[in-house]
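Residues per chain are reported as follows:
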Number of protein chains: 2
Amino acid sequence: MKKATLVDVAKEADVSAITVSRALRTPDMVSTALRQRVERAVAKTGYVPNKAASMLASSKTNSIVVLVPSLSNNVFDEVLRGIEEAARSANVTIQIGNTMYDPLREQQLLTSLLNPLPAGVILTGGEQNEASKRILQQAQTPVVQIMDLVKDPIHKVVGFSNYDGAVSALHHMLDAGYKRIGFIGAQMDPRAQDRLRGYRNALYDSGLQEPERTSVTNEKADVKLGGTLLTSLLTQHPDCDAVLCSNDDLALGVLFECQRRGLNVPRDVGICGFNDLGIVSEAVPRVTSVCTPRFEIGQCAVETVLDPHINTRAPVLDLGFKLHVRESTQP
Amino acid sequence: MKKATLVDVAKEADVSAITVSRALRTPDMVSTALRQRVERAVAKTGYVPNKAASMLASSKTNSIVVLVPSLSNNVFDEVLRGIEEAARSANVTIQIGNTMYDPLREQQLLTSLLNPLPAGVILTGGEQNEASKRILQQAQTPVVQIMDLVKDPIHKVVGFSNYDGAVSALHHMLDAGYKRIGFIGAQMDPRAQDRLRGYRNALYDSGLQEPERTSVTNEKADVKLGGTLLTSLLTQHPDCDAVLCSNDDLALGVLFECQRRGLNVPRDVGICGFNDLGIVSEAVPRVTSVCTPRFEIGQCAVETVLDPHINTRAPVLDLGFKLHVRESTQP
DNA sequence: AATACAAATGATAGGGCAATCATTTGCCAA
DNA sequence: TTGGCAAATGATTGCCCTATCATTTGTATT
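Criteria and thresholds
Residues numbered from 1 in each chain as written. Chains lettered and ligands numbered in written order. Predicted model: local features only at pLDDT ≥ 70, side-chain atom pairs only at ≥ 80, totals over all residues. Heavy atoms only, no water. Contact = heavy atoms within 4.5 Å. Salt bridge = Lys/Arg side-chain N within 4 Å of Asp/Glu carboxyl O. Polar contact = N/O pair within 3.5 Å; in protein donor to acceptor, adjacent residues only side chain to side chain. Helix = DSSP H or I, 4+ residues; strand = E, 2+ residues; numbered from the N terminus. Buried < 20%, exposed > 50% of the residue type's maximum accessible area, 1.4 Å probe, protein only. Domains from an automatic or database assignment. Buried area = accessible area lost by both parts, 1.4 Å probe. Nonpolar A, V, L, I, M, F, W, Y, C, P; charged D, E, K, R; others polar. Phe/Tyr/Trp six-rings, centres within 6.5 Å; stacked < 30°, edge-to-face > 60°. Lys NZ or Arg CZ within 6 Å of the ring centre and 35° of its normal. Pairing = 2+ DSSP bridges. Axes fitted to C-alpha atoms, helices over the stretch in contact; angles between N-to-C directions. Right-handed = clockwise from strand over helix to strand, strands pointing away. Near = heavy atom within 4 Å.

With that settled, the discussion passes to the interface of chain B and chain A. Taken together, the contact between chain B and chain A spans 38 residues of the former and 38 residues of the latter. Notably, a salt bridge pairs arginine 260 of chain B with glutamate 282 of chain A, separated by 3.8 Å at the nearest N-O pair. Taken together, the links from chain B to chain A amount to 12 residue pairs in polar contact (both at pLDDT 80 or more). Every element with two or more residues in the side of chain B that touches chain A is listed here: helix H4 (51-58), helix H5 (75-89), strand E2 (93-98), helix H6 (103-113), helix H10 (223-236) and helix H11 (248-261) of chain B.

Here you go:
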């Protein structure tokens, strides 16, 4: 038995095909009686709309393309959860692409996923290459960039200030009494660089006139690397008494390395992470971290991208952050 | 300017539309000269194939649907990495769905993602509900179930034995001298249950005739829960001298809880995790874990699902596991 | 040179839906 | 009642590509 089509349903309901189409897509536009008749016919025939045909005829889809730079970075789980939840209630599907922090890969994904044209695109950050930006500008679909407060957004931005987050963390660490605070960073994308800038400027503004103590690399940030970077930081700056980490994996690695070296946290070394991934609040000692609104960013990104009044809204939505102070920075 | 279609390219190259189609899809079937002419015409017109039309005409897609139960569980990152890599080299796109451990959600995702029909489906485990299984059986597309060695596979299975993994871990712990080994489990899906079974049987077979010491829940497994479960385990069985955990997050939580309680690992309590997620090998002390071939499972699942000889291959592919012994179980 | 056959290319006919414009129906005001 | 208008429904056409079958061209064989 072949799959039922609109025409089959139409015959069953004794109406025209286009009416069935309307009854399903825009139920408000048909009479109640007819709607019910169509529903019955759909049930009876087991009709399932053919998306390919629908796309071809309307050159539209109800799916949102979401590009993230990593799936192993737990930061994006929460973002994706927010996106999924919002997408579900808006009745759109999502299409996830993993750019692996590679602009070229991002461009390829866009080329591939923008056909057929999605209802919207959600991207991470503003580090797209020129070709990608051109593609996005020419595509007739709304674009939301998330995480960063990107300066020259394609359309809209939903995120928070990484710079302010780092500043806030540093002020707290200074208040807690640390004097020779270092910075450890990896995977130095624009967000991590903003955090580094925040560290630098807050340090400078504090009047301590300290030399900057940093250990930074472009490798993929993970727990192991945190230990490695602490080692290199302490080699260059043995007097470090605290470390601000560009993310929580690094912070955990730093904590473990301290334990290996017999350094007491928070007494000998204070540690602050970034993102507040849940695991850091369970470590011993519990680690201070800048809590970022990842779930909300996801939700809000979907709402923004689907918003019909998208053109009349502020282009940048700052969802803020919260510093969660814990034992690791309270000597 | 409208987008170029096959016909435009055909005019440009002075051939028929169908020939252009062939030149692009099956270049071996046309002459070299013509292929080059078509390529030039494509470049000149900026032609991009319309996937919706292609799908409609052929009722095929070159995308693979991948359903995982969680994106926050780091187990699936690696699997997805393997899938992505293999998919890329096979030139197919992937469509990721997150079932959130909910069979109904899985069913909804299948209903939605099986239209248009994908080139294959990759699912986690065998815990689909009856409706989902029926949908998959009727869909004319290969299905590969991963992670578990599912007993009654829909088509094919790529995974490893969770049961054997647990048995192997337990044997190691017994060999290391632990006598009163407990089990901590959460998110007790069939895989976790297999691990529990492995624990039970290995314990029984060891002849120790020990009572079983378990603390198990169906909540989402995370680091925090590890601590909670250890607390409950030690309340009921204060004599526990080691813990096998159904995954690494729990193991880490157990380690942290031990630290809070002043219990020395591995002397007072031995800890073994499951999956070997990278982070456990960095903790202090480094934690023993059953290393599972997640990347390979992903790769292999794609190869299997796309394999034209799929019907003549063994239905179950066991990729094995490796116990990585570290400090946490060497008193 | 004639035949046979394979390789290369073409013509036709949908695939299932939605945009657009056209028609019918129902209802109200005058 | 009739004209007018909105609401509801219908007919036609096109979206762009590929499956299928048909034709042409090229090559080898006798």
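Note on placement: asparagine 247 of chain A falls in the loop between strand E8 (242-245) and helix H11 (248-261). A relative accessible area of 12% places asparagine 247 of chain A in the buried class.

All right, on to the domain arrangement of chain A then. All names here are of chain A. Per the domain assignment, the segments of chain A are domain 1 (6-49), domain 2 (63-160 + 295-320) and domain 3 (162-291). Its C-alpha centre places domain 2 at a distance of 29 Å from the equivalent point of domain 3. Tallying the contact residues gives 10 residues for domain 2 and 10 residues for domain 3. Of the roughly 910 Å² buried where domain 2 meets domain 3, counting both sides, 50% is carbon and sulfur surface. Considering only the side of domain 2, the residues that lose the most area to domain 3 are Tyr101, Asp148 and Phe160, jointly responsible for 48% of the buried surface there. Linking domain 2 with domain 3 are two salt bridges. Between aspartate 148 and arginine 191 there is a salt bridge, with its nearest N and O atoms 3.3 Å apart. Applying the counting rule to domain 2 against domain 3 returns three residue pairs in polar contact (both at pLDDT 80 or more). Here the residues of the side of domain 2 that touches domain 3 sort into four nonpolar, four polar and two charged.

Turning next to the packing of aromatic side chains. Under the criterion given, the structure shown has three aromatic pairs over all chains. When the ring of phenylalanine 183 of chain A is compared with that of tyrosine 199 of chain A, the centres are 5.4 Å apart and the planes differ by 40 degrees; the resulting orientation is tilted. Of this pair, phenylalanine 183 of chain A sits in strand E6 (residues 181-185) while tyrosine 199 of chain A sits in helix H9 (residues 190-205), and the two are 16 residues apart along the sequence. Side by side, phenylalanine 183 of chain A and tyrosine 199 of chain A carry an identical accessibility label, which is buried. In this structure, arginine 195 of chain B packs its charged tip against the face of phenylalanine 274 of chain B, placed 3.9 Å from the ring centre.

Residue and element names in this part refer to chain B. On the basis of which strands lie adjacent, the open sheet formed by six strands has the order E7-E6-E8-E9-E10-E12 and mixed pairing. Across the chains shown, the open sheet's two edge strands, defined by having one partner strand only, are strand E7 (213-216) and strand E12 (322-324). With strand direction ignored, the average angle separating the axes of adjacent strands in the sheet is 20 degrees. In terms of strand pairing, strand E6 (residues 181-185) meets E7 through four bridges, oriented parallel. If you follow phenylalanine 183 over to E7, its bridge partner there is threonine 214.

Take the pairing of strand E4 (residues 143-147) of chain B next. Residue and element names in this part refer to chain B. Across the five residues that make up E4, a large majority, five, are buried. In this view, the connection linking strand E3 (residues 120-124) to its parallel neighbour E4 by way of helix H7 (residues 130-138) has right-handed handedness. With four bridges joining them, E4 and strand E5 (residues 156-159) adopt parallel strand pairing. Counterpart to glutamine 145 in the pairing with E5 is valine 157.

Time to look at the protein's contact with DNA strand C. Around DNA strand C, the structure places 25 residues, and the nearest of them are Leu6, Ser21 and Tyr47 of chain A together with Thr19 and Arg22 of chain B. For DNA strand C, the fraction of protein-proximal atoms (within 4 Å) that sit in sugar or phosphate groups is 65%. Here a phosphate oxygen of DNA strand C sits 2.6 Å away from a polar atom, N or O, in the main chain of leucine 6 of chain A. Between DNA strand C and alanine 53 of chain A there is a distance of 3.4 Å, counted from a base nitrogen to a backbone nitrogen or oxygen. Breaking the surface near DNA strand C down by element, the ones donating at least two residues are helix H2 (17-25) and helix H4 (51-58) of chain A together with helix H2 (17-25) and H4 of chain B. The leading source of residues in the surface near DNA strand C is H4 of chain A, at five residues. Its residues assigned to classes, the surface near DNA strand C comprises 14 nonpolar, eight polar and three charged.

Okay, the pattern of salt bridges next. Between side chains of opposite charge, pairing is possible as soon as their charged atoms come close. Tallied over the entire structure, the rule returns 32 salt bridges over all chains. Across the pair arginine 326 of chain A and aspartate 276 of chain A runs a salt bridge, and its minimum N-O distance is 3.0 Å. Taken together, the residues span a long stretch of sequence, with arginine 326 of chain A in the segment after strand E12 (322-324) and aspartate 276 of chain A in the loop between strand E9 (270-275) and strand E10 (288-291) at a distance of 50 residues. An identical accessibility class is assigned to arginine 326 of chain A and aspartate 276 of chain A; each is buried. A salt bridge links glutamate 257 of chain B to arginine 261 of chain B, with the nearest nitrogen and oxygen atoms 2.9 Å apart. Taken as a pair, glutamate 257 of chain B and arginine 261 of chain B lie in helix H11 at a separation of four residues, close to a single helical turn. Owing to a relative accessible area of 12%, glutamate 257 of chain B belongs among the buried residues under this scheme.

Successive side chains on a regular strand alternate, one facing one side of the sheet and the next facing the other. All names here are of chain A. Within strand E2 (residues 93-98), five of the six residues are buried, which leaves it mostly tucked inside the rest of the structure. Bridge analysis of strand E1 (residues 63-68) against E2 gives six bridges, and the strand direction is parallel. Across the sheet, isoleucine 64 pairs through a bridge with isoleucine 94, a residue of E2. Crossover E1 to E2 through helix H5 (residues 75-89) is right-handed.

On to the protein's contact with DNA strand D, then. Residues in contact with DNA strand D amount to 23 residues; listed here are only the nearest, Thr19 and Arg22 of chain A together with Leu6, Ser21 and Tyr47 of chain B. Each atom of DNA strand D within 4 Å of the protein was assigned to sugar, phosphate or base; sugar and phosphate come to 69%. Here a phosphate oxygen of DNA strand D sits 2.5 Å away from a polar atom, N or O, in the main chain of leucine 6 of chain B. A distance of 3.2 Å separates a phosphate oxygen of DNA strand D from a polar backbone atom of asparagine 50 of chain B. When residues of the surface near DNA strand D are traced back to their parent elements, those giving at least two are H2 and H4 of chain A together with H2 and H4 of chain B. The leading source of residues in the surface near DNA strand D is H4 of chain B, at four residues. Of the residues belonging to the surface near DNA strand D, the class tally is 12 nonpolar, eight polar and three charged.

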